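Listed below are the residues making up each chain.
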Amino acid sequence: MATSNWARALAALALLAAAPATAREREGQVALTFDDLPALTIESNQGYIDDLNRDLLRKLRENHVPAIGFVNESKAEGAEHDRQVDNLKRWLDAGMLLGNHTFSHSSPNSLGAAAYAADIERGERITRPLMKAHGKKLRWFRHPYLEAGSPLAVRDWINRWLRDHGYRVAPVTIDAEDWEFAEPYDDAIAKHDVARQARIRQTYLAYTAMRIKWSQESAKALFGRDIAHVMLLHCTRLNADTLDALLKLLRAARLRPVTIDQAMRDRAYRTRDTYAEKDGVTWLERWAATLGKTLPSEGDEDPPAEIQAEYDRVDNDRVSPQNK
Ligand SMILES: [Zn+2]
């Protein structure tokens with residue numbers, strides 16, 4: 001009897017001791033990735049670009065959140081070269097990583113495999129030495145538009161080229177189309193329309209919350225569990241202004257920000273992927289296509305029609321060399 005009581009007490013103690021670990025296990029992970037560095041914006045004012053980088057990085061640091069920024073070196077060409085390179089240095093000085101996002105934000109669908117590879121190689125001339133100066137090695141690559149090559153032979157050729165050049169492809173499992181909200185937001189700032197800015201921020205966050213949930217449900221449909229996610233964001237004024245709220249959404253979804261290297265240790269990223277359509281889609285959709293599985297339809301929605309309309313209007317009104 002006494003032994004059994006002890007056994008029970010010990011078991012209870014063991015449970016208590018294990019409780020924090022169990023809670024930690026239940027907490028998921030997410031790697032934050034920001035594309036189109038030094039910035040995605042319709043604003044050509046360099047001060048605006050410098051400020052959004054400073055603010056975004058300050059908030060990431062204040063919240064102890066690691067991140068990686070994917071660079072288009074074409075954006076550092078021209079009169080503001082030095083200040084654009086300073087923005088890239090700012091990311092490394094803040095302890096973040098940089099990755100390659102091609103020189104000119106190109107797609108293998110339009111360039112073909114060989115020219116695409118040349119554009120990738122051209123996209124590391126500034127970033128590789130900067131990383132080296134910070135004791136880091138350029139390793140991560142993100143496909144613009146998530147277009148990875150089509151048909152399969154082309155995709156495989158590009159993957160091999162990337163591997164041979166020391167790159168690892170950064171996948172995406174959470175995509176809230178933030179670029180579509182970001183340009184109308186820049187426009188609202190340019191027009192000093194504070195009410196419109198607040199409305200766009202609110203719509204963006206609500207849409208993002210829905211997309212995070214969809215990604216978690218999709219992971220469960222594919223793997224029977226949630227996975228360590230990789231979230232696609234862009235280096236924008238919108239994300240600089242909403243970062244605290246975005247982090248709150250991730251906390252509410254029990255996703256803890258980790259480095260991309262940590263997230264990629266999840267065995268889900270070893271899943272076979274034979275997707276080779278022209279459409280750029282997330283890795284959840286690539287795996288679903290490969291495994292012949294269906295992802296949930298609830299939450300699989302485009303951004304609200306009003307945002308799409310605003311984006312089209314702004315995009316037609318203003319053609320900026322920054323992102324075109
Ligand atoms: Zn991009």
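Residues numbered from 1 in each chain as written. Predicted model: local features only at pLDDT ≥ 70, side-chain atom pairs only at ≥ 80, totals over all residues. Heavy atoms only, no water.

- For the protein chain, an unreviewed UniProt entry supplies the name Chitooligosaccharide deacetylase and the organism Sphingomonas lycopersici.
- Taken verbatim from the UniProt record of the protein chain, the Function (unreviewed entry) comment is "Is involved in generating a small heat-stable compound (Nod), an acylated oligomer of N-acetylglucosamine, that stimulates mitosis in various plant protoplasts."
- Regarding the protein chain, the relevant UniProt record gives this comment under Sequence similarities (unreviewed entry): "Belongs to the polysaccharide deacetylase family." (UniProt positions renumbered as here; feature names shortened; annotations may be inferred.)

1. Digging into the coordination of the zinc ion
Right, on to step 1. In this structure, Asp36 (OD), His101 (NE2) and His105 (NE2) serve as the protein donors to the zinc ion, at separations of 2.0 to 2.1 Å.
Right, on to step 2. For Asp36, a relative accessible area of 5% translates into the label buried. (Donors = N, O, S within 2.8 Å, 3.2 Å for Na, K, Ca; no water. Buried < 20%, exposed > 50% of the residue type's maximum accessible area, 1.4 Å probe, protein only.)

2. A short note on the packing of aromatic side chains
For any two aromatic rings, the description comes down to two numbers: the centre-to-centre distance and the angle of the planes.
Right, on to step 1. Using the criterion set out here, one finds 8 aromatic pairs in the structure.
Right, on to step 2. Ring centres of Trp179 and Tyr311 lie 5.3 Å apart, and the angle between their planes is 80°; this geometry places the pair in the edge-to-face category. Of this pair, Trp179 sits in helix α8 (residues 178-190) while Tyr311 sits in helix α13 (residues 305-317), and the two are 132 residues apart along the sequence.
Right, on to step 3. What makes Trp179 partly exposed here is its relative accessible area of 28%.
Right, on to step 4. For Tyr311, a relative accessible area of 14% puts it in the buried group.
Right, on to step 5. Ring centres 5.7 Å apart and planes at 35° place the aromatic pair Phe181 and Tyr207 in the tilted group. Within this pair, whereas Phe181 is found in helix α8, its partner Tyr207 is found in helix α9 (residues 194-223), the two being separated by 26 residues in sequence. Tyr207 carries the same exposure label as Phe181, and that label is buried. (Phe/Tyr/Trp six-rings, centres within 6.5 Å; stacked < 30°, edge-to-face > 60°. Helix = DSSP H or I, 4+ residues; strand = E, 2+ residues; numbered from the N terminus.)

3. Brief notes about the pairing of strand β1 (residues 28-37)
Right, on to step 1. The element β1 is largely enclosed, with a buried count of 9 among its 10 residues.
Right, on to step 2. Strand direction decides the pairing type here: β1 and strand β2 (residues 67-71), joined by 4 bridges, are parallel. Bridging across to β2, Leu32 finds its partner in Ala67.
Right, on to step 3. Note that the unit made of β1, helix α2 (residues 46-62) and β2 has a crossover that is right-handed. (Pairing = 2+ DSSP bridges. Right-handed = clockwise from strand over helix to strand, strands pointing away.)

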